[in-house]
Amino acid sequence: MSLDENKREKFPWLVIHHGDNKQEQTFCNILENKSYVTSIPELRNKKICACSRDEWLVLRDFYSGDCYLWNPSSEDKIQLPPLPKYKYLKCLLSAPPRDPECLVLLLISQTALDDDDDDPDDENPDDDDDITFTFYFCKPGYNQQFHKQQLTQDNELESWIGFKGKFYGLTSHGSMLVRLDPDNDSGIVTVTPVAMEPMPTRSVYQDIMHARGQLIHQSSDQMRALDPK
């Protein structure tokens, strides 16, 4: 069944990318309990690496490593530097991609086997104990290569978020809320604590979100609001 423009614009959709070389997409409308199968040329032979703000997708070609931002609503496309093979990827934008202040920040995990791994769908970070986490960042349409910075064990991130043009993360070890400041000129990401100490909690689960102009650091038993400057 085809997906016409009126239906595509009416609701948010869950999109499942499938088929040989990801040739087809199934759009699922939970409100109407219906699904529609289509094939979008821009997504063929592509891996959807991440979804970011303002409906932008980060796409990577299975074979060439070609990488770009693509907006399925406007069909606007912005070229990015090529990405390596990876096990896991997260992506944030500091602003809409056409904003001159926009930076794309990716967190990629890799293992020593990634360079020899020809499976484009293998992104399970638990397959190998020797995993490294690395920041990749650039200014869309400006940089020819990504800046790269490997994370230390103390700065590995449990979760992260974009807020008021800045990046914030929650460290895996110590659950400290930090600000991430990528500098496109120097190619360095500076990690700065936002709170002076971790939130005291017995909960294993912790996360960050934003609401009403504040960052919310929450666990299953506590919550605190921050207004970083």
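The notes below deal with the structure included here. Nothing here was measured: the structure is a model prediction, and the numbers come from that model.

1. With respect to the overall build of the protein
Then comes step 1: Regarding its fold elements, the protein presents one helix and 18 strands.
Then comes step 2: Within the protein, buried positions represent 43% of all 229 residues.
Then comes step 3: Within the protein, contacts between residues separated by at least 24 positions form 40% of all contacts whose residues are at least 6 apart in sequence.
Then comes step 4: Taken as a whole, the protein presents about 13,100 Å² of accessible surface, with 47% of it coming from carbon and sulfur.

2. What to know about the pattern of salt bridges
Then comes step 1: Taken as a whole, this structure holds four salt bridges when the rule is applied.
Then comes step 2: For Lys 77, the salt bridge is made with Glu 42, and the minimal N-O distance between the two is 3.9 Å. Taken together, the positions of Lys 77 in strand S7 (residues 77-80) and Glu 42 in the loop between strand S3 (34-38) and strand S4 (46-51) put the pair 35 residues apart, joining distant regions of the chain.
Then comes step 3: In this structure Glu 42 comes out as partly exposed when scored by relative accessible area, which is 25%.
Then comes step 4: A salt bridge links Asp 76 to Arg 98; the nearest nitrogen and oxygen atoms lie 2.8 Å apart. Residue Asp 76 is found in the loop between strand S6 (67-70) and S7, and its partner Arg 98 is found in the loop between strand S8 (88-93) and strand S9 (104-111); the two are separated by 22 residues along the sequence.
Then comes step 5: Since its relative accessible area comes to 23%, Asp 76 is described here as partly exposed.

3. Thoughts on the sheet that holds strand S2 (residues 24-29)
Then comes step 1: Spatially, three strands are ordered S1-S2-S3 in an open sheet, and the strand pairing comes out antiparallel. In this open sheet, the two edge strands, each paired with only one partner strand, are strand S1 (14-18) and S3. On average, each strand axis in the sheet is tilted by 20 degrees relative to the strand beside it, whichever way the strands run.
Then comes step 2: Bridging between S1 and S2 involves five bridges; their strand directions are antiparallel. Residue pairing across strands places Leu 14 opposite Cys 28, the latter belonging to S2.

4. Here's the deal with unusual backbone geometry
Then comes step 1: Despite not being glycine, Asn 45 has its phi angle at roughly 60 degrees, a positive value.
Then comes step 2: Relative to the elements of secondary structure, Asn 45 occurs in the loop between S3 and S4.
Then comes step 3: In this model, Glu 75 sits at a positive phi of 60 degrees, which is unusual for a non-glycine residue.
Then comes step 4: Of note, Glu 75 is situated in the loop between S6 and S7.

The rules we used
- The numbers attached to residues start from 1 for each chain and follow its sequence in the written order.
- Given that the model is predicted, a residue must reach a pLDDT of at least 70 before its local features are reported, and side-chain atom pairs must reach 80 or more before they are shown or counted; all residues, however, enter totals for whole chains, interfaces and linings.
- Side-chain figures throughout are based on the complete set of non-hydrogen atoms in the structure, without hydrogens or water.
- Elements are defined by DSSP. Helices are runs of H or I of four residues or more, strands are runs of E of two residues or more, and each kind is numbered from the N terminus.
- Relative accessible area decides the class of each residue, using a 1.4 Å probe on protein chains only: under 20% of the type maximum gives buried, over 50% gives exposed, and in between gives partly exposed.
- Contacts: residue pairs with any heavy atoms within 4.5 Å of one another.
- Each accessible area value is a Shrake-Rupley result obtained with a 1.4 Å probe; residue values ignore everything except the protein chains displayed when judging cover.
- Put simply, a salt bridge is a Lys or Arg side-chain nitrogen that is within 4 Å of an Asp or Glu carboxyl oxygen.
- Strands are labelled as partners when DSSP assigns at least two bridges between them.
- Angles shown run from 0 to 180 degrees and are taken between the N-to-C directions of axes, each axis being a line fitted to C-alpha atoms and, for helices, limited to the stretch in contact.

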